[in-house]
Amino acid sequence: GEFVSQPALRVELLVTLANGLAGLSDYDGAESALRQALDEGVPVLGRRHALVLSARVGMANVLRFRGRVPEMQAELDALRADMAATPDVAAADRVEMMENVVHLAVNQGRYADAEAAAREVSALSTRHCDRRHPRRVTALMLVGLTASYNGDHERSLQASAEAAALAKDVFGAGRPHARVF
C-alpha cells in the first residue's frame, strides 16, 4: 500500500540496506539493492535527487570493491558533474564520492591527482562535517597516505598524527576504527 507509493522512502530504505550489506562485505547483495534503488528512483525522482545521488555513491563504492574500475570511473565522472550542479547534496555523500576519487587515482598510480583529491576530501570534510565526524579522520588519513606516495613524508607524518589524535577524540583511546580501504 502506502510504502509502495513512496518512491523516495523505498530508495532510502534500499540504500540503507545496501550500506549494511556492503559493511558485511556482501557486495552481491549491496549491488542488487542499489540497482533496485536506482531502477526505481531515477525514473521518478531523477538522477540528481539527493537520495538517488546517495545510491550512486554507494554503487561507486561497490564497483571499487568489486574491481570494476571502468564502471567506477564512469560513475565518478558523472557523479562529480551531477553533484556540482546540485546544491542540496548531502555532505557525507559528497565527501564519500571524493574518497572514491582518491582511491581510484591511487590504484591507477596517479599519485599527484590522488593527493589533490585527498586535500579536497579534507577540505570538504572540514567544511561540511562535524569536527568529530569519522569522515574527518578518514580524510586526514587519505592526505597522509597520498602525501607519502608523493614522497612528502613530512606532510604524511603531520596528517597521520592529526588523524591519530582526531581518531582518539572521535572513537576513544585504544579503539582505532578509521575506515580507509
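Our subject in this report is the structure included herewith. (Residues numbered from 1 in each chain as written. Predicted model: local features only at pLDDT ≥ 70, side-chain atom pairs only at ≥ 80, totals over all residues. Heavy atoms only, no water.)

1. Details of the overall build of the protein
Here comes step 1: A tally of helices and strands in the protein yields eight helices and zero strands.
Here comes step 2: Over its C-alpha atoms the protein spans a radius of gyration of 17 Å, differing by no more than 12% from the 16 Å that the globule rule assigns to 181 residues.
Here comes step 3: In terms of overall dimensions, the protein has C-alpha extents of about 60 × 35 × 30 Å along its principal axes.
Here comes step 4: As displayed, the protein offers around 9000 Å² of accessible surface, 54% of which is attributable to carbon and sulfur atoms.
Here comes step 5: Each charge class in the protein was averaged separately, 21 positive and 23 negative side chains, and the resulting centres sit 3 Å apart. (Helix = DSSP H or I, 4+ residues; strand = E, 2+ residues; numbered from the N terminus. Rg over C-alpha atoms; globule rule 2.2 N^0.38 Å. Areas by Shrake-Rupley, 256 points an atom, 1.4 Å probe, with all protein chains shown as cover. Lys, Arg positive; Asp, Glu negative; His and termini not counted. Charge placed at Lys NZ, Arg CZ, Asp CG, Glu CD.)

2. Things to note about helix α7 (residues 134–149)
Here comes step 1: Taking 1.5 Å of rise per residue, 16 residues should cover 22 Å, and α7 covers 23 Å from first to last C-alpha, within 8% of that figure.
Here comes step 2: Buried positions along α7 lie against α5 (91–107), α6 (111–128) and α8 (153–171). (Expected span 1.5 Å × (residues − 1). Contact = heavy atoms within 4.5 Å.)

3. Notes on the side chain of N61
Here comes step 1: Relative to the assigned elements, N61 resides in helix α3 (residues 50–65).
Here comes step 2: On the basis of relative accessible area, N61 is assigned to the buried category, the value being 12%.
Here comes step 3: Not counting chain neighbours up to four residues away, the residues in contact with N61 comprise E96 and N100. (Buried < 20%, exposed > 50% of the residue type's maximum accessible area, 1.4 Å probe, protein only.)

4. A word on the pattern of salt bridges
Here comes step 1: Summed over all chains, the structure comprises 18 salt bridges.
Here comes step 2: For R80, the salt bridge is made with E120, and the minimal N-O distance between the two is 3.8 Å. One end of the pair, R80, is in helix α4 (residues 69–84); the other, E120, is in helix α6, with 40 residues separating them in the sequence.
Here comes step 3: On the accessibility criterion, R80 (37% relative accessible area) is partly exposed.
Here comes step 4: A salt bridge links D113 to R110; its shortest N-O distance comes to 2.8 Å.
Here comes step 5: Residue classification places R110 among the partly exposed residues on the basis of a relative accessible area of 31%. (Salt bridge = Lys/Arg side-chain N within 4 Å of Asp/Glu carboxyl O.)

5. A few points about the environment of A123
Here comes step 1: Relative to the helices and strands, A123 resides in helix α6.
Here comes step 2: Along the sequence, A123 and A139 sit 16 residues apart, while their C-alpha atoms lie 8.5 Å from each other.

6. Regarding the environment of Y27
Here comes step 1: With respect to the helices and strands, the residue Y27 is situated in helix α2 (residues 27–45).
Here comes step 2: Considering only alpha carbons, one finds Y27 and F65, 38 residues apart in sequence, at a separation of 7.8 Å.
Here comes step 3: In this structure Y27 touches A22, V62, F65 and R66, once residues within four positions along its chain are discounted.

7. Things to note about unusual backbone geometry
Here comes step 1: For S25, which is not glycine, the phi torsion reads 65° and is therefore positive.
Here comes step 2: Tracing the sequence through the fold places S25 in the loop between α1 (7–23) and α2.

8. Here's the deal with the packing of α3 against α4
Each pair of packed helices can be summarised by the angle the axes make with each other and by the distance between the axes.
Here comes step 1: The N-to-C vectors of α3 and α4 enclose an angle of 155°; their axes lie 9 Å apart at closest approach. As the angle between them shows, α3 and α4 are arranged roughly antiparallel. Handedness of the crossing formed by α3 with α4: left-handed. Contact with α3, carried on its side by L53, R56, V57, A60, L63 and R64, involves E71, M72, E75, L76, A78, L79, D82 and M83 of α4 and no other residues of that element.
Here comes step 2: The residue makeup of the contact of α3 with α4, split by class, is nine nonpolar, no polar and five charged. (Axes fitted to C-alpha atoms, helices over the stretch in contact; angles between N-to-C directions. Parallel < 35°, antiparallel > 145°, perpendicular 65-115°, else oblique. Left-handed = near helix turned anticlockwise from the far one by under 90°. Nonpolar A, V, L, I, M, F, W, Y, C, P; charged D, E, K, R; others polar.)

9. Description of the packing of aromatic side chains
Here comes step 1: The tally for this structure, following the rule as stated, stands at two aromatic pairs.
Here comes step 2: Aromatic side chains Y27 and F65 sit 5.4 Å apart centroid to centroid with 10° between the ring planes, which places their arrangement in the stacked category. Here Y27, found in helix α2, pairs with F65, found in helix α3; they are 38 residues apart in sequence, far enough to count as distant.
Here comes step 3: With 4.7 Å between their ring centres and 15° between their planes, Y111 and Y149 make a pair best called stacked. (Phe/Tyr/Trp six-rings, centres within 6.5 Å; stacked < 30°, edge-to-face > 60°.)

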